[in-house]
Amino acid sequence: MASLVLAEHNNSSLDEATAKTVTAAAQISLPVHVLVAGANCAGVAQQAAKLAGVEKVLLADDARYANFLAEPMAELVLAHASSYDAILAPATANGKNILPRVAAKLDVPQISEILAVESADVFRRPIYAGNAIQKVEAKGFKKIITVRVAAFAATPSGGNAAIETIPPADDPGRSRFVTENLSRSERPELTAAKIVISGGRGLQSKDNFALIERIADRLGAAVGASRAAVDAGFVPNDRQVGQTGKIVAPELYIAVGISGAIQHLAGMKDSKVIVAINKDEGAPIFGVADYGLVADLFEALPEFEKALDR
Amino acid sequence: MKVLVPVKRVIDFNVAVRVKADRTGVDLTNVKMSINPFDEIAVEEAVRLKEKGKASEIIAVSIGPAGAQETLRTALAMGADRAILVKHDGELEPLAVAKILKAVAIEEQPGLILLGKQAIDDDCNQVGQMLAALLAWPQGTFAAKVEIEEGSIAVTREVDGGLQTVSLRLPAVVTTDLRLNEPRYASLPNIMKARKKPIAEKTVADYGVDAAPRLKVLEVREPEKRRAGARVASATELVGKLRERGVI
Ligand SMILES: Cc1cc2nc3c(=O)[nH]c(=O)nc-3n(C[C@H](O)[C@H](O)[C@H](O)COP(=O)(O)OP(=O)(O)OC[C@H]3O[C@@H](n4cnc5c(N)ncnc54)[C@H](O)[C@@H]3O)c2cc1C
Ligand SMILES: Nc1ncnc2c1ncn2[C@@H]1O[C@H](COP(=O)(O)O)[C@@H](O)[C@H]1O
């Protein structure tokens, strides 16, 4: 039949997670359609139409979708579900929020955070914080899937899909957006960055994170953190890397003052090159690091910055 | 207002899991089991709501083997008033859990259901959302803060870009994130008291739910192991190596 990808965007630009989810969808069922739901988001539909291999973009442009609330979004997906044998979303906060509602209403299981498509009905997904990989078969029913985007390459542009405007679906009306407090940053987004430098409890304070941020700016890197650093208020919650935070797989991941708990490793161990800076030579983070530096970070980071100048 | 708190018994978060040699699953013999950490946060939040006079009764519910009694006792020791154990041995998918919880909710009529956002064994992150959909209730997932208002609940959610606050008409489903609270340790007197609190025993059949798994697990493998690389002596040497490697 076809697959439908729920687009991730902010009403003005399409998030790269969408192009990665399209890659997974194309391995499951063709053609691929993309659903862009939002408010004043026609520009996003145009961006989605340029993804190679996308046959059609469905555009639902209505105030009720402005903040991507799960209840109206799920109803919209459900209104179109019968035309597709696979419905996918990136495993972003939105995808995770919306898609299980769709699965439950269709009375089918959801397959969360797939890492690979083995065949049209067989998928690999992590369990136990990535300490085990499950191979599951989903046969005989509609496939509802969230995609671990760090595991898929982005579909390139080069397409020219038709854009079809669709009417909004009913809003159950029991939920209402109140406000949002998004952290602003000039730095690249954590899950899209080529280089990520993360700090942990070892940084000791919010002010000390400046040591990390200065290097991030020199390298064009995103700034990440361990749970301990977020809990302590050194950085906002959206910087948490790990099993229950963001999953990243950049070219280079630099972990500073992070011990390497399994929950943290779950979010970064698929990075291409891993660097660890820690004063405890027994820290588990060294077990996954390509380059390990046993040192006091308060000496190592300024020296690192200076060496970049040379 | 009654608050229902579903809690799952899972492998303790500190245990290093081992995949079974026959690749059918993970070895659970003699490993430490605990309440799912997010569910502990959910119990704590329910207890705080009761302490603030916003909740009247807290009911903990677990679906699982006899050992899930222990998990329920943990919830009771933290302050839940009573518990329901829905006995089930074997695999359970989130959709089946959600269906059973829906039946429990219809029986108990809570004003709020507080769940964990994710079980740290299956890492599914589904049950709360599915349950909300089946009940046609609104949902506030990944909660960092909740506030009960007149007939509604304000939920501040941890989203990819920061925080989002939504207002939900009650009854509603809320799933917890790490920053919602820091769960208390149960005191010894409370642990003793919990032994006398009632746990009702039920079976899946009592709720008329078909709990058979729909997905077929073909294999469970260990992930590819990463090998530790080299040590460098200084930050200057490190920068040199990274330049050689072409990553900076
Ligand atoms: C349900 C659950 C989910 C979780 N999810 C996540 C998650 O998604 N992400 C996550 O990160 N964690 C998560 N955790 C927490 C995880 O278990 C660890 O507690 C956390 O990762 C520890 O953070 P840390 O490494 O910064 O702190 P610590 O473990 O305290 O390590 C600090 C490190 O800094 C080093 N250090 C201290 N001072 C210096 C110095 N001056 N110079 C150099 N090194 C120094 C120390 O040697 C130590 O190794 C989760 C836990 C639970 C229970
Ligand atoms: N067997 C179970 N019994 C009770 N609650 C459960 C069970 N399985 C999952 N839950 C609840 O659903 C949440 C999310 O689980 P999951 O969708 O499997 O990641 C958990 O944090 C629990 O609150």
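Up top is the structure.
Cut-offs and rules
Residues numbered from 1 in each chain as written. Chains lettered and ligands numbered in written order. Predicted model: local features only at pLDDT ≥ 70, side-chain atom pairs only at ≥ 80, totals over all residues. Heavy atoms only, no water. Near = heavy atom within 4 Å. Polar contact = N/O pair within 3.5 Å; in protein donor to acceptor, adjacent residues only side chain to side chain. Areas by Shrake-Rupley, 256 points an atom, 1.4 Å probe, with all protein chains shown as cover. Helix = DSSP H or I, 4+ residues; strand = E, 2+ residues; numbered from the N terminus. Nonpolar A, V, L, I, M, F, W, Y, C, P; charged D, E, K, R; others polar.

A. Spatial organisation of the site of ligand 2. All names here are of chain B. Around ligand 2, 18 residues are found, and the nearest of them are D39, I63, A119, Q126 and V127. In this structure, D39 approaches ligand 2 through a side-chain N or O atom, which is 2.5 Å from an oxygen atom. Here N125 contributes a backbone N or O atom positioned 2.9 Å from an oxygen atom of ligand 2. Within the complex, 99% of the 480 Å² of free accessible area of ligand 2 lies under protein. Residue assignment for the shell around ligand 2 shows that the elements contributing at least two residues are β4 (57-64) and β6 (112-116). Broken down by element, the residue count for the shell around ligand 2 peaks at 3 residues, all from β4. Broken down by class, the residue content of the shell around ligand 2 amounts to 9 nonpolar, 6 polar and 3 charged.

B. Expanded view of the site of ligand 1. Around ligand 1, the surrounding shell holds 28 residues, and the nearest of these are R201(A), S226(A), Q240(A), S259(A) and N278(A). Neighbouring residues of ligand 1 are not confined to one chain but are distributed across chains A and B. Between ligand 1 and the protein, one listed contact pairs an oxygen atom with a backbone N or O atom of G245(A) at 3.4 Å. Separating an oxygen atom of ligand 1 from a side-chain N or O atom of H264(A) is a distance of 2.8 Å. Listed by contribution, the elements that provide at least two residues to the shell around ligand 1 are α6 (227-231), α7 (262-265) and α8 (297-309) of chain A together with α1 (37-51) of chain B. Residue composition of the shell around ligand 1, by class: 10 nonpolar, 13 polar and 5 charged.

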